[in-house]
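Here's the letter readout for the chains.
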Amino acid sequence: MRVALDGELMIAFVFPGQGAQYVGMGREMAKAFPEAMRVFERASESLGMDLLRLCSEGPEEELRRTENTQPAILTTSVACLEVLRASGIEPGVAAGLSLGEYGALVAAGALAFEDAVVLVRRRGELMEEATRGRETSMVAVLGLDAGEVERICDVASSAGVVEPANFNCPGQVVIAGDAAAVRRASEEARARGARRIIPLSVSAPFHTTLMRPAAEGLARELERVPISDARIPVVANVTSKPVQKSEEIRKLLIAQVYTPVRWEESVRQMGNMGARVFVEVGPGTSLSSLIRKTLDGVHTLHVEDPRSLEETLQALRVFL
């Protein structure tokens, strides 16, 4: 379905990444819609664990383990995706933040869900293993532009590895690396006028060069997984450009593990492609907030439970 607002404009589906999880996610969708329940059943069969129970009941500390978080968020997102599809809603373009890129690739038909859910569980394990025993951290820097944050990381790199990991929206950049270097960069950012420094509760410095061992392991896993050409463009985290060819998708998934997520540029790219309606598919609304901070004149909707689904469908009917 394409949405006519000021002409021929498209719907973008966007998929959240790690950090969006919460105990209870997906439960109401699985109860209300057989399509959603089947997605959880498929995930549980593929992983050999009761994923719906973990998402529904926790405990939170188990859900927050990276190797559990990643398949849990992906499965909840794809459950919501399948209900949207059953309602006749299809995107013209898709993207996802970090882990969410796998949801976008499932939506685009490039990855089978069963392959994706096994891949992201292994991806989570590899990312945990890459820096085990090393003191690392990630923080969000608010109130400085991307170039300034990059220069701060260069200054602080004498204390260890510290690099931009996520360019989320104007004035919000996540940095990550060795804990001492991140502390030094945080102090420098405050001195240069950063509005806030927010520590992130994560287990590894995602999307930095410290993740190269994880990328090597993921490359071996991806050799065994069939990837098809995408039916619709997927805007890649690494390049912030649309991709559809299977071999390019494979290469970018490997590079994504140790390369910054260019979310702000990806959102701008989708806007340039004609997207004016963005539907966040899966738990939370963090991406909707980032999109509104990046683009003017767009509509952000989300689907994570039956109530938000109905609100989104009603809004789309108005646009049509």
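Scroll up to find the structure.
A brief report on the enclosed structure follows. Here the structure is a predicted model, which is why all the values come from computation and not from measurement.

How each quantity is defined
- Residues numbered from 1 in each chain as written.
- Predicted model: local features only at pLDDT ≥ 70, side-chain atom pairs only at ≥ 80, totals over all residues.
- Heavy atoms only, no water.
- Helix = DSSP H or I, 4+ residues; strand = E, 2+ residues; numbered from the N terminus.
- Rg over C-alpha atoms; globule rule 2.2 N^0.38 Å.
- Buried < 20%, exposed > 50% of the residue type's maximum accessible area, 1.4 Å probe, protein only.
- Contact = heavy atoms within 4.5 Å.
- Areas by Shrake-Rupley, 256 points an atom, 1.4 Å probe, with all protein chains shown as cover.
- Lys, Arg positive; Asp, Glu negative; His and termini not counted.
- Charge placed at Lys NZ, Arg CZ, Asp CG, Glu CD.
- Phe/Tyr/Trp six-rings, centres within 6.5 Å; stacked < 30°, edge-to-face > 60°.
- Lys NZ or Arg CZ within 6 Å of the ring centre and 35° of its normal.
- 1 Å grid on protein atoms, 1.4 Å probe; cavity = no way out; pocket = protein on both sides within 12 Å on 5 of 7 lines; lining within 4 Å.
- Points joined across faces, edges and corners; volume = space filled by probe spheres on them.
- Core = buried A, V, L, I, M, F, W, Y, C linked by side-chain atoms within 4.5 Å.
- Salt bridge = Lys/Arg side-chain N within 4 Å of Asp/Glu carboxyl O.
- Expected span 1.5 Å × (residues − 1).
- Arc of directions from axis to C-beta.

### Some remarks on the overall build of the chain
- For the chain, the count of helices and strands is 14 helices and 11 strands.
- Compactness check: the chain gives a C-alpha radius of gyration of 19 Å against a globular reference of 20 Å for 320 residues, within 12% of the reference.
- Its C-alpha atoms give the chain principal-axis dimensions of about 55 × 45 × 35 Å.
- In the chain, buried positions account for 58% of the 320 residues.
- Once local pairs closer than 6 in sequence are excluded, the contacts in the chain between residues at least 24 apart make up 73%.
- When the accessible area of the chain is evaluated, it comes to approximately 12900 Å², of which 46% is carbon and sulfur surface.
- Taking the average place of the 36 positive charges on the side chains of the chain and the average place of its 43 negative ones, the gap between the two points comes to 2 Å.

### Focus on unusual backbone geometry
- In this model, Gly58 is joined to Pro59 through a cis peptide bond whose omega is 5°.
- For Pro59, the location among the structural elements is in the loop between helix 3 (51-57) and helix 4 (60-63).
- Unlike most non-glycine residues, Ser240 shows phi in positive territory, near 55°.
- Note on placement: Ser240 falls in the loop between strand 8 (234-235) and strand 9 (242-243).

### Focus: the packing of aromatic side chains
- Inspection of the entire model under this criterion finds zero aromatic pairs.
- Between Arg212 and the ring centre of Tyr258, over which it is positioned, the NZ or CZ distance is 4.1 Å.

### Comments concerning the layout of surface pockets
- Of the volumes computed, that of the largest pocket is approximately 790 Å³.
- Taken together, 30 residues form the lining of the largest pocket, with Gln18, Gly19, Ala20, Leu200 and Val202 sitting closest to its centre.
- Taken together, the elements giving at least two residues each to the lining of the largest pocket come down to helix 5 (66-86), strand 4 (136-142), strand 5 (162-169), strand 6 (172-178), strand 7 (196-199) and helix 13 (286-294).
- If you tally residues by element for the lining of the largest pocket, the top one is helix 13, at five residues.

### A few points about the nonpolar core
- Counting residues in each nonpolar core, the largest one holds 80 residues, and the members touching the most others are Phe13, Leu111 and Val279.
- With nine residues, helix 5 is the single largest residue contributor to this core.
- Contact partners of Val279, with chain neighbours within four places excluded, come to Ile11, Ala12, Phe13, Val14, Leu84, Leu301, Val303 and Thr312.
- Counting 19 residues, the second-largest nonpolar core is a separate cluster that includes Met10, Cys169, Val261 and Ile291.

### Here's the deal with the pattern of salt bridges
- Going through the model one piece at a time under the given rule, you end up with 26 salt bridges.
- Between Arg122 and Glu129 there is a salt bridge whose closest N-O contact spans 3.7 Å.
- Linking Lys245 and Asp229 is a salt bridge whose minimum nitrogen-to-oxygen distance equals 3.9 Å. Of the two residues, Lys245 is situated in the loop between strand 9 and helix 11 (246-256) and Asp229 in the loop between helix 10 (212-223) and strand 8; the sequence distance between them amounts to 16 residues.
- With relative accessibility at 55%, the residue Lys245 sits in the exposed group.
- On the basis of relative accessibility, which here comes to 41%, the residue Asp229 falls in the partly exposed class.

### What about helix 2 (residues 34-47)?
- Between its first and last C-alpha, helix 2 extends 20 Å over 14 residues, near the 20 Å set by a 1.5 Å rise per residue.
- All buried positions along helix 2 are accounted for by Ala36, Val39, Phe40, Ala43, Ser44 and Leu47. Buried residues along helix 2 cover an arc of 135° about the axis, so they all sit on one side. Opposite the buried face of helix 2, by more than 90 degrees, sit the exposed residues Pro34 and Glu45.
- Lining the buried residues of helix 2 we find helix 1 (27-32), helix 3, helix 5 and helix 7 (113-130).
- Among the residues trailing helix 2, Gly48 stands out with phi positive, at a value near 70°.

### Description of empty space enclosed by the protein
- Counted according to the given criterion, the structure contains one cavity of 30 Å³ or more.
- Size it by volume and the largest cavity reaches roughly 30 Å³.
- Looking at the largest cavity, the residues that line it are Glu101, Leu105, Val234, Ala236, Val243, Ile249, Leu252 and Leu253.
- Secondary-structure elements contributing two or more residues to the lining of the largest cavity are helix 6 (100-107) and helix 11.
- When residues of the lining of the largest cavity are assigned to their parent elements, the largest contribution, three residues, is made by helix 11.

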